[in-house]
Amino acid sequence: MRQRQLIRFDWAIKNILRDKANFGVLEGFLSELTGMDIKILQILESESNQNSKEDKYNRVDIMVATQTGERIIVEIQCNKQLDYLSRILYGACKAVTETIGKGHEYKNIKKVISVTIAYFDIGQGNDYVYHGTARFEGMHTRQILRLSPEEQTLYQKETIADIYPQYYLIRVNEFDQETRDNLDEWIYFLKNEELPENYKARGLKEAAEKLNVLKLSGEERLAYNRYLEGLMDQASFYRSTFGDGRRQGREEGLAEGEEKGIEKGREEGEKHKAVEIARKMRLSGLDVETIAQMTGLHREEIESLKR
């Protein structure tokens, strides 16, 4: 059997995983993603980490300093943003400039790793995890430029890619639910808020213990349910503004098909999100009547959801 419903990772990062006692969850995820043994030294605060009304746009940022000196940004985005790749670049560049003070040598710039967890279509490709690094390729010979022995000594790095920012992009919606390795176990959790069977990935044991919905206090549970309701509102707003069905209708090349696709996509999207929110509320212990009022679903629909 699979594990019971867990708290969404984006909410957990903002409200639970900043506690040093819970670092193991994020350390496990980052270790499986990067292939390094990540140990978090501290959480680095910035303007993007502040709680405010702007949080409704569902951009969750956290930046950590590791014991080996890296700065790792983790950003989670649920709603589509067409220029989001530029936003990733801006975040990494800003983090780079913040690692060095005036008068310091450039060699003291810290390594920055940018991790994006996206719940919307971003770019085109046939994979759901991408890794980007900097490299210099000869325009005539196609040879990859390497660090000289002296530069390796100066930077204490082996490759140029070890100096420049690196990017990890996870397209959660493209994941096909097949867990082929430990990283896939994490992506399964990111997509489903539950753990796959017989999981082995680092950090997931801690996630099962720390992110159990039933362990939330009454105040935390109310805040979490408000957050889930906010996600539903955002999804509804996006679909009503842009319409998932607009693309389907346009691809069919029929004006009538586009109009119907917009309406159908909006209705199905809103209904699906309402059901998902209701399921999480049921798992958190809310009564059927309250859930019905918050989601607009019928009692029979809510009672039929698994607990």
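Procedures and definitions
- Residues numbered from 1 in each chain as written.
- Predicted model: local features only at pLDDT ≥ 70, side-chain atom pairs only at ≥ 80, totals over all residues.
- Heavy atoms only, no water.
- Helix = DSSP H or I, 4+ residues; strand = E, 2+ residues; numbered from the N terminus.
- Contact = heavy atoms within 4.5 Å.
- Areas by Shrake-Rupley, 256 points an atom, 1.4 Å probe, with all protein chains shown as cover.
- Phe/Tyr/Trp six-rings, centres within 6.5 Å; stacked < 30°, edge-to-face > 60°.
- Buried < 20%, exposed > 50% of the residue type's maximum accessible area, 1.4 Å probe, protein only.
- Lys NZ or Arg CZ within 6 Å of the ring centre and 35° of its normal.
- Core = buried A, V, L, I, M, F, W, Y, C linked by side-chain atoms within 4.5 Å.
- Lys, Arg positive; Asp, Glu negative; His and termini not counted.
- Salt bridge = Lys/Arg side-chain N within 4 Å of Asp/Glu carboxyl O.
- Polar contact = N/O pair within 3.5 Å; in protein donor to acceptor, adjacent residues only side chain to side chain.

1. Focus on the overall build of the chain
For the chain, the count of helices and strands is 11 helices and six strands. Sequence-distant contacts, at least 24 apart, represent 64% of the contacts inside the chain between residues at least 6 apart. For the chain, the accessible area works out to roughly 17,800 Å², and carbon and sulfur atoms hold 48% of it.

2. So, the packing of aromatic side chains
A full pass over the atoms with the stated rule returns nine aromatic pairs. An angle of 70 degrees between the planes, with centres 5.2 Å apart, marks the rings of Tyr128 and Phe175 as edge-to-face. One end of the pair, Tyr128, is in the loop between strand E4 (112-118) and strand E5 (129-132); the other, Phe175, is in the loop between strand E6 (166-171) and helix H5 (182-192), and 47 residues separate them in sequence. The exposure classification of Tyr128 matches that of Phe175, with both residues buried. One aromatic cluster in this structure is built from Phe9, Phe29, Trp186 and Phe189. Arg8 extends its terminal NZ or CZ atom over the ring of Tyr119, reaching a point 5.4 Å from the ring centre.

3. Things to note about the nonpolar core
Among the nonpolar cores identified, the biggest contains 63 residues, and Phe9, Phe29, Ile117 and Leu211 are the most heavily contacted of them. The contacts of Phe29, once residues within four sequence positions are left out, are Phe9, Val115, Ile117, Ile170, Trp186, Leu190 and Arg202. One finds Leu44, Ile73, Val96 and Val112 within the second-largest nonpolar core, a separate group that totals eight residues.

4. Overview of the environment of Lys20
Its location among the elements puts Lys20 in the loop between helix H1 (9-15) and helix H2 (23-34). The class of Lys20 is exposed, set by a relative accessible area of 63%. It is 8.0 Å that separates the C-alpha atoms of Lys20 and Gln42, two residues lying 22 residues apart in sequence.

5. Here's the deal with the side chain of Glu185
In this fold, Glu185 is placed in helix H5. Notably, Glu185 is buried but unbridged: the nearest opposite-charge side chain belongs to Lys200, and the N-O separation is 6.7 Å. At a separation of 2.7 Å, a polar atom in the side chain of Glu185 contacts the main-chain amide nitrogen of Lys200. Among the polar contacts listed, one links the side chain of Glu185 to the backbone nitrogen of Ala201, at a separation of 2.8 Å. Apart from residues no more than four positions distant in its own chain, Glu185 is found in contact with Thr179, Pro196, Asn198, Tyr199, Lys200, Ala201 and Leu204.

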